[in-house]
Amino acid sequence: NGGYSVDVPVIVGLNDANYEKSLNDSLMRQMQEYIAAFIAEENTADSLLQVQVTTGFCTKDFLSILWEGTRDGMPVRFAKNFDLLGQRAVTLADMLTQTSLEAAQAQAGEDWTAEQFYLTADGELILIGRNAEGGQTIEPLRESGICQNPLSFFYFLKKERKKV
């Protein structure tokens, strides 16, 4: 019962065609699992899942993707962040000090995980959390002591790769 409309991004133009295919297959599989979970629930004929994709920060080295929409009228948001050169998913634990990670946890709520963030096209770090009613929230990270440039993490990654 119910209906759905879910965007699935397709990544093109990466230097490694195998990684590009693997990444696209993984994104498709994740969205199929998300849809299957929605269908498996006891939905009514009026149940509706609608999710659109926004591409945030995107360079040849990094990609941040945000899915945003509604599930039966309640907001839903989730994000994926990728180090394209290292060919791996990135969490805030990769980017923040432990103190800053704890501040993000305190701001976003106790059920928040380090995967629940998004970098806007301008590089602003956005946390995806929950409010007291259980609905999702989205807000900039208020922690000011992370680093001068939140994108300095990517410089660090490149530097570390050269050392190996």
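Residues numbered from 1 in each chain as written. Predicted model: local features only at pLDDT ≥ 70, side-chain atom pairs only at ≥ 80, totals over all residues. Heavy atoms only, no water.

## Considering the environment of Gly129
Here is step 1 of the chain: Here Gly129 is to be found in strand β7 (residues 125-130).
Here is step 2 of the chain: When the C-alpha positions of Gly129 and Ala104 are compared, they lie 9.6 Å apart, and in sequence the two are 25 residues distant. (Helix = DSSP H or I, 4+ residues; strand = E, 2+ residues; numbered from the N terminus.)

## Observations regarding the pairing of strand β2 (residues 48-58)
Here is step 1 of the chain: Sheet topology places strand β1 (residues 3-6) next to β2; 4 bridges connect them, and they run parallel. Among the inter-strand pairings, Tyr4 is bridged to a residue of β2, identified as Leu49.
Here is step 2 of the chain: Relative to strand β3 (residues 62-71), β2 runs antiparallel, the two being bridged by 8 bridges. Residue pairing in the sheet places Val51 in a bridge with Gly69 of β3.
Here is step 3 of the chain: In textbook terms, the turn of a hairpin is the stretch between consecutive antiparallel strands, and for β2 and β3 this stretch comprises 3 residues. (Pairing = 2+ DSSP bridges.)

## Some words on the pattern of salt bridges
Here is step 1 of the chain: Summed over all chains, the structure comprises 6 salt bridges.
Here is step 2 of the chain: For Asp61, the salt bridge identified is with Lys60, shortest N-O distance 3.4 Å.
Here is step 3 of the chain: Taking relative accessible area as the criterion, Asp61 reaches 9% and is therefore assigned buried.
Here is step 4 of the chain: Across the pair Asp83 and Arg88 runs a salt bridge whose closest N-O atoms are separated by 3.9 Å.
Here is step 5 of the chain: By sharing partners, the salt bridges in this structure join Asp83, Arg88 and Asp94 into a single network. (Salt bridge = Lys/Arg side-chain N within 4 Å of Asp/Glu carboxyl O. Buried < 20%, exposed > 50% of the residue type's maximum accessible area, 1.4 Å probe, protein only.)

## Things to note about the confidence of the model for the protein
Here is step 1 of the chain: Confidence along the protein averages 80 in pLDDT terms, with 78% of residues attaining 70 or more.
Here is step 2 of the chain: In the model of the protein, helix α4 (residues 152-163) stands out as the element of lowest mean pLDDT, 44, in contrast to helix α1 (residues 17-40), which has the highest, 93.
Here is step 3 of the chain: Here residues 144-164 is modelled with pLDDT under 50, and outside its nearest four sequence neighbours on either side it reaches 26 contacts, counting other chains as well. (pLDDT = per-residue confidence, 0-100. Contact = heavy atoms within 4.5 Å.)

## Points about the environment of Arg29
Here is step 1 of the chain: Relative to the elements of secondary structure, Arg29 occurs in helix α1.
Here is step 2 of the chain: Taking C-alpha positions, Arg29 is 9.6 Å from Val8, a pair spaced 21 residues apart along the chain.

## Observations regarding the nonpolar core
Soluble globular proteins tend to bury their nonpolar side chains together.
Here is step 1 of the chain: Core analysis: the biggest nonpolar cluster contains 19 residues, and Leu23 and Val51 have the highest contact counts within it.
Here is step 2 of the chain: Among the secondary structure elements, those contributing two or more residues to this core are α1, β2, β3 and β4 (74-83).
Here is step 3 of the chain: Broken down by element, this core gets its largest block of residues, 7 residues, from α1.
Here is step 4 of the chain: Setting aside residues up to four positions removed in sequence, Val51 forms contacts with Ser5, Val6, Asp7, Tyr34, Trp67, Glu68, Gly69, Val76 and Phe78.
Here is step 5 of the chain: Leu92, Ala108, Phe117 and Leu119 belong to the second largest nonpolar core, which has 15 residues in total. (Core = buried A, V, L, I, M, F, W, Y, C linked by side-chain atoms within 4.5 Å.)

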